[in-house]
Structure formats: structure tokens, C-alpha cells
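Working through the structure, step by step
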Amino acid sequence: MIEKKNQGVRLRRLRRSDTIRRLATETDLQASRLVAPIFVRYGEKVVEPIAAMPGVNRYSVDQLGGYVNRLWEAGIRTVLLFGIPESKDELGTQAYSNVGLVPKAITEIKRRLPSMAVAADVCLCEYTSHGHCGVLTGGEVDNDKTLPLLAKAAVEYASAGAEIVAPSAMMDRQVAAIRSALDDSNLSETLVMGYSAKFASSFYGPFREAAGSTPSFGDRRSYQMNGANSREAMREIEEDVSEGADMIMVKPALAYLDVIARARAKFEMPIAAYSVSGEYSMIKAASLNGWLDERRAAMEVLTSIRRAGADIIITYFAEQAANWLGEAT
Ligand code: PBG
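The following refers to the structure shown.

What counts, and where the lines are drawn
- Residue positions within a chain follow its written sequence, with the count starting from 1.
- Two thresholds apply to this predicted model, a pLDDT of at least 70 for residue-level local features and 80 or more for giving and counting side-chain atom pairs, whereas whole-chain, interface and lining totals are computed over all residues.
- Side-chain measures here rest on the full set of heavy atoms in the structure, leaving out hydrogens and waters.
- Aromatic pairing here means that ring centres of Phe, Tyr or Trp (its six-membered ring) are within 6.5 Å. Orientation follows from the plane angle: under 30 degrees is stacked, over 60 is edge-to-face, and everything else is tilted.
- Numbering of helices and strands starts at the N terminus; helices are DSSP runs of H or I of at least 4 residues and strands are runs of E of at least 2.
- We call a residue buried when its accessible area falls under 20% of the maximum for its residue type, exposed when it is over 50%, and partly exposed in between, using a 1.4 Å probe and counting protein chains only.
- Here a patch means residues that are over 30% exposed by relative accessible area and free of salt bridges, tied together within 9 Å if like-charged and within 5 Å if nonpolar (Val, Leu, Ile, Met, Phe, Trp, Tyr).
- For every accessible area listed, the method is Shrake-Rupley and the probe measures 1.4 Å; residues are considered covered only by the protein chains on display.
- Every case where a carboxyl oxygen of Asp or Glu lies within 4 Å of a side-chain nitrogen of Lys or Arg is listed as a salt bridge.
- Only heavy atoms enter the contact rule, under which two residues are in contact if any of them lie within 4.5 Å.
- Here the expected length of a helix is defined as 1.5 Å per residue gap, with one fewer gap than residues.
- Our arc is simply the arc of the directions from the helix axis toward the C-beta atoms.
- Near is defined per residue: the residue qualifies when any heavy atom it owns lies within 4 Å of the molecule or strand.
- N or O atoms closer than or at 3.5 Å make up a polar contact, with two conditions inside protein: a donor-capable atom paired with an acceptor-capable one, and, for residues adjacent in sequence, both atoms drawn from side chains.
- Three categories are distinguished: nonpolar for Ala, Val, Leu, Ile, Met, Phe, Trp, Tyr, Cys and Pro, charged for Asp, Glu, Lys and Arg, and polar for the others, with Gly belonging to the last.
- Only buried residues count toward a nonpolar core, which is a set of Ala, Val, Leu, Ile, Met, Phe, Trp, Tyr and Cys residues joined through side-chain atoms within 4.5 Å.

So, the packing of aromatic side chains
Taken as a whole and judged by the stated rule, the model has eleven aromatic pairs. Aromatic side chains Tyr274 and Tyr316 sit 6.1 Å apart centroid to centroid with 40° between the ring planes, which places their arrangement in the tilted category. A residue pair is termed long-range when its members are at least 10 positions apart, and Tyr274 in strand 11 (residues 271-275) and Tyr316 in the loop between strand 12 (312-315) and helix 11 (318-326) qualify at 42 residues. Overall, Tyr274 belongs to the buried group, its relative accessible area being 1%.

Structural data, given as C-alpha cells:
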């Protein structure tokens, strides 16, 4: 028999109106936590759509100003740059050239919008003819030969004005190599955001089309992590922390929410999660087909990443999400 006076716990009371639901919400998203990746390509006056990522473009340096202004207006305060050079070679020379694309892009963004924080991805895969993230010795990715090249790239990007350098090559000791090169070059203020737990994932597919960085032979499983391993992810993060990383990252996000939550419980550091190209494209594709409500699906996924414990979310939905967050509802 139901007691008359006290009907006990009724959780639906907390959901009875929009205002009450908002009052009791546990997880908030803010535009200032979202990072917009930007593909910078060679050439002039080019804004080139990426077929596998509807709504995302490659921009030549002269076209960046308008785009970053739009991001700023929407509330985005940090961008993450990737370069797509005209020519690639065995050693990925364009990645660490001081007249390379990314330094030019950083200079241009800083000239237009000094308060926009600029992060630069540090890796060789967009710049090597073979598409691997490091240089090769006898057909194998050579960890220790790659380190000075990553360090040189990081110093070039930081010298051009990037506040954050983000090594994504998954070479052992890459954070240490970059930290000491930055410190030796009077760039001790530059932050290092390690792609600490980066898994060998099928969800990078659209990015590789966008950046033309698919390996010409083999795959990345000898350096990117096995998706089955979360204890090892904690060891990777621990290693980056001990090498001096300021921020750590889990990537991809959606298929690795447990890894984000585990990192949140273990590390007192800002944690970034990279919601990668495939996570974006699958929502886009389904919504273009009318199978998913784009806005609701995207916001649900971003909220889940934040709820798992990420402080920072790198997402191709950044501009749209910031605009949705800014809309009065
Ligand atoms: C470079 C790099 C990649 C991504 C970010 N940095 C590609 C890869 O590892 O193949 C993927 C980002 C995405 O899919 O959105 N190593």
C-alpha cells in the first residue's frame, strides 16, 4: 500500500520542467572548452571542402583570417592547426621548415586575432612521402631518429607564436625531447599537450583523406595503442606527465570514454579528449540522410565526453556547437 504522507523518492520531480532540469544538470558545456581543428593547405585563395567531412574545409593561409574571426564570434578561443604541404619527402622536411605552412598560419592568426590561442599538431605523417609519423630505417619507424625532428618542428611552431604544441606521433619520449628543446630555445612558456593515449583507430579515416596522410605501406599499430588496452593507456599518460606534459589527451573520445574517466580519476591534470574525424563524419552522414538529428546527436556526444571527465574537447563540431550553446532556448 502506498503511504499517503510520504511517497518517498521520486526522481521525476527533478525533470518536471526545463528550468528544473537545468538547475539540476550535472554537466555543462562551454564554448571556451572546445578546440576547433583547422586544416591549412598550400596555395592561395583556396577554401576546399573535404568530401569525407561535410562542412569542414582546407584553407590556404590567406583565407584563415575570415574563418578564425567567425570561430571567435561563435565563442571558440583555441584552434589546433594541421598543415597540408605541397610536397612530401622521406624525412618530412616541411614539418620542421621555418618557412613551412604551419608557422605562416600561426603568424597570420596571431596578427589577426592575438587573443586566439593557437595549438599546433606536431607529427610527420602529413609531411612524409610514406605517410608514417616518423622517419624510417630499413622500413621501420625509427623512434630515436624521429625525436629531434619533432623537437625542431615544435620549436618552429612555438617561435612563430603557438602557445601550445601537441605531439601526436606516439614516439616514446617525444614530450621530453620537445620540452627540453623548447626550454633550450627560450620557449619555456610554451605548453605541451601530449596526445598521450592515442589509439590505432579506424575513426581517423576521414582525417587521412583530408590530410593525405594514409600510410603507403603497413599501418600505425607499432606506435599507436591497441584499442583493447586501458591499463597501458594509464602508463602512457604517466610517462607524458613525468616528461613534463602540461596537458594530456585521450584520442579518439567516443569509443574510449572509459579511458577518459579512468584518466580523470587518476591524474590531476587538464585532460583533453579528441573527438576525431570519424566521430564527426558518422553523425554528419547519418544526419544528412535524415537518420539522426544532427544537433541533438552532436551535443549528446560532446556532453558524454565532458561527463566522462574531459576538460577540453577537440571537435570538428566546435563552431556549430558554440553557436548552439549561444542560442537562447
Ligand atoms: C597525426 C594525427 C592524426 C590525427 C590527429 N593527428 C592522424 C593519424 O594518426 O592517422 C587524427 C585526427 C582525426 O581523425 O580527426 N598523427
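Topic: a nonpolar patch on the surface
A surface patch of nonpolar side chains, about 320 Å² in accessible area, is lined by Val9, Leu11 and Leu14. Within the element layout of this structure, Leu11 appears in the segment before helix 1 (18-23).

Some remarks on helix 11
Working note: α-helix, 3.6 residues per turn, so residues spaced by three or four point in the same direction. Those residues of helix 11 lying buried are Ala318, Glu319, Ala321, Ala322 and Trp324. Those residues of helix 11 hidden inside the fold are in contact with strand 1 (34-41), helix 2 (64-74), helix 10 (294-308) and strand 12.

A closer look at helix 7 (residues 231-242)
Here helix 7 is twelve residues long and its end C-alpha atoms lie 17 Å apart, about the 16 Å a rise of 1.5 Å per residue gives. Taken together, the buried positions of helix 7 are occupied by Ala233, Met234, Glu236, Ile237 and Asp240. Summarising the axial view, the buried residues of helix 7 lie within an arc of 160°, below the 170-degree limit, and thus occupy one face. The exposed residues of helix 7 that point more than 90 degrees off its buried face are Arg231, Arg235 and Ser242. Looking at the packing, one finds that the buried side of helix 7 touches helix 5 (174-184), strand 9 (191-198), strand 10 (247-251) and helix 8 (257-266). With its phi angle positive at about 105°, Gly244 sits one or two positions after the end of helix 7.

As for the site of the ligand
Near the ligand there are 19 residues, and of these Lys198, Arg208, Lys251, Ser277 and Tyr316 occur at the shortest range. Here Ser168 contributes a side-chain N or O atom positioned 3.4 Å from a nitrogen atom of the ligand. Side-chain polar atom of Tyr316 to an oxygen atom of the ligand: 2.6 Å apart, as the coordinates give it. Protein chains shield 100% of the accessible area of the ligand, which is 400 Å² for the free molecule. Within the shell around the ligand, the residues separate by chemical class into ten nonpolar, three polar and six charged.

Quick notes on the nonpolar core
Counting residues in each nonpolar core, the largest one holds 115 residues, and the members touching the most others are Ile38, Phe39, Val79, Leu80, Leu81, Tyr157 and Tyr274. Of all the elements, helix 4 (residues 143-160) adds the most residues to this core, at nine residues.

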